[in-house]
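# Observations on chain architecture
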Amino acid sequence: MAEGELTGHKHRVTERKAELYEKDSTLYLRVFSETALLAHEEHKAISIPQGDWMVKIQREYEPEGWRYVAD
């Protein structure tokens, strides 16, 4: 899905059926199966239920202000 900015690691669906699509400049993940497994090398896999999900880049707050999280 998205490649990490620092490490080059990627989030990817490793089990079940899902697809990425874009609508109105927003990225979505559509899970066709009952669940899909989203994997990444640096953390535990996440089970995502069936449906359409908006893909957003996570942000975190620092004293200097908000910044996007980089893997």
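Below you will find a few notes about this structure. (Residues numbered from 1 in each chain as written. Predicted model: local features only at pLDDT ≥ 70, side-chain atom pairs only at ≥ 80, totals over all residues. Heavy atoms only, no water.)

## Structural notes on the overall build of the protein
This is how the line gets drawn: Only DSSP runs of H or I with at least four residues qualify as helices, and only runs of E with at least two residues qualify as strands; both kinds are numbered from the N terminus onward. Only heavy atoms matter for contacts: two residues are in contact if any of them lie within 4.5 Å across the pair.
A count of helical and extended segments in the protein gives zero helices and six strands. When its helices and strands are written in sequence order, the protein yields β-β-β-β-β-β. Taking all contacts inside the protein whose residues are at least 6 apart in sequence as the whole, residues at least 24 apart take part in 35%.

## Some points on the pattern of salt bridges
Our working definition: Note on definitions: salt bridges are taken to be side-chain nitrogens of Lys or Arg within 4 Å of carboxyl oxygens of Asp or Glu. Accessibility here uses a 1.4 Å probe with only protein chains present; expressed as a share of the type maximum, an area under 20% marks a residue as buried, one over 50% as exposed, and anything in between as partly exposed.
One pass over the structure, following the stated rule, counts two salt bridges. Residues Arg30 and Glu19 are paired through a salt bridge, measuring 3.9 Å at the closest nitrogen-oxygen approach. Highlighted residues: Arg30 in strand E3 (residues 26-40) and Glu19 in strand E2 (residues 18-23), separated in sequence by eleven residues. A residue is classified by how much of its surface remains accessible, and Arg30, at 29% relative accessible area, is partly exposed.

## So, the nonpolar core
Under the convention used in this document: Nonpolar cores are built from buried Ala, Val, Leu, Ile, Met, Phe, Trp, Tyr and Cys residues. Side-chain atoms within 4.5 Å join them into one set.
Judged by nonpolar contacts, Leu29, Val31, Ala36, Leu38 and Ile48 together constitute the single largest core of five residues. For this core, the element with the highest residue contribution is E3, accounting for four residues.

## Quick word on the packing of aromatic side chains
Stated precisely, the cut-off is as follows: Centres within 6.5 Å make a pair out of two Phe, Tyr or Trp rings, where for Trp the six-membered ring is used; the pair is then stacked when the planes are under 30 degrees apart, edge-to-face when over 60, and tilted otherwise. Placement of a positive charge over a ring is assigned whenever Lys NZ or Arg CZ falls within 6 Å of the ring centre and within 35 degrees of the normal to the ring plane.
Applying the stated criterion across every chain, the model contains one aromatic pair. Centroid distance Tyr21 to Tyr28: 5.3 Å. Interplanar angle 20°. Geometry classified as stacked. Of the residues examined, Tyr21 reaches a relative accessible area of 22% and is grouped as partly exposed. If you follow Lys17 out to its NZ or CZ, it ends over the ring of Phe32, 5.6 Å from the centre.

## Here's the deal with unusual backbone geometry
For Asp24, which is not glycine, the phi dihedral falls at a positive 50°. Even without being a glycine, Ser25 presents a positive backbone phi close to 65°. Summarising the element assignment, Ser25 is placed in the loop between E2 and E3. Since its relative accessible area comes to 69%, Ser25 is described here as exposed.

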